[in-house]
Amino acid sequence: MKRETTKKGPITNEKELKKAWVKCWNDMPQEKIQAWIKRIPVHIQEIIKLEGGNEYREGQNIGQEQVRVYR
């Protein structure tokens, strides 16, 4: 959503920012939202692997269909 709402540059007005985020959310295809939800366990596993460290960068493995599970 951040990418979508900052395409024309950052929004500095709080009212306009809220308006842009609400519009972006309402316009977002349900399939995209479901894909985000489906990836949550992957992100959690990565964070657990790093023992909660801040080295994890969401999206660095874009396009990978395989779900990795760490035990």
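Residues numbered from 1 in each chain as written. Predicted model: local features only at pLDDT ≥ 70, side-chain atom pairs only at ≥ 80, totals over all residues. Heavy atoms only, no water.

### Points about the overall build of the chain
A tally of helices and strands in the chain yields 3 helices and 0 strands. Tracing the chain from N to C terminus, the helices and strands come up as α-α-α. A burial count over the chain gives 10% of its 71 residues as buried. Contacts in the chain between residues at least 24 apart in sequence constitute 23% of all its contacts with a sequence separation of at least 6. (Helix = DSSP H or I, 4+ residues; strand = E, 2+ residues; numbered from the N terminus. Buried < 20%, exposed > 50% of the residue type's maximum accessible area, 1.4 Å probe, protein only. Contact = heavy atoms within 4.5 Å.)

### With respect to helix 3 (residues 30-49)
With 20 residues, helix 3 ought to run about 28 Å at 1.5 Å a step, and its terminal C-alpha atoms sit 30 Å apart, in line with that. A bend of about 35° at R39 is the largest found in helix 3, and the proline P41 appears one to four places after it. Looking at helix 3, one finds that the buried residues are I33, H43 and E46. Close packing links the buried residues of helix 3 with helix 2 (14-27). (Expected span 1.5 Å × (residues − 1). Bend = angle between axes of the 7 residues up to and from the residue.)

### So, helix 2
Its 14 residues give helix 2 an end-to-end C-alpha distance of 20 Å, which sits within 8% of 20 Å, the value for a rise of 1.5 Å per residue. Here helix 2 starts with a cap whose side-chain oxygen sits 2.8 Å from the backbone nitrogen of K15, and that cap is N13. (Polar contact = N/O pair within 3.5 Å; in protein donor to acceptor, adjacent residues only side chain to side chain.)

### Brief notes about the pattern of salt bridges
With the rule as written, the count across this model stands at 2 salt bridges. Here K7 makes a salt bridge to E4, at a shortest N to O gap of 3.4 Å. Accessibility expressed as a relative area gives 42% for E4, which makes it partly exposed. Close ionic contact of K23 with D27 constitutes a salt bridge, the shortest N to O distance being 2.5 Å. Of this pair, K23 and D27 are both found in helix 2, 4 residues apart, which corresponds to roughly one turn of the helix. (Salt bridge = Lys/Arg side-chain N within 4 Å of Asp/Glu carboxyl O.)

### Concerning the confidence of the model for the chain
Confidence in the prediction of the chain, expressed as mean pLDDT, is 80, and 77% of residues score 70 or more. Per-element averaging of pLDDT across the chain places helix 1 (residues 2-5) at the bottom with 86 and helix 2 at the top with 93. In the predicted structure, residues 62-71 sits below a pLDDT of 50 and forms 8 contacts with residues beyond four places in sequence or in another chain. (pLDDT = per-residue confidence, 0-100.)

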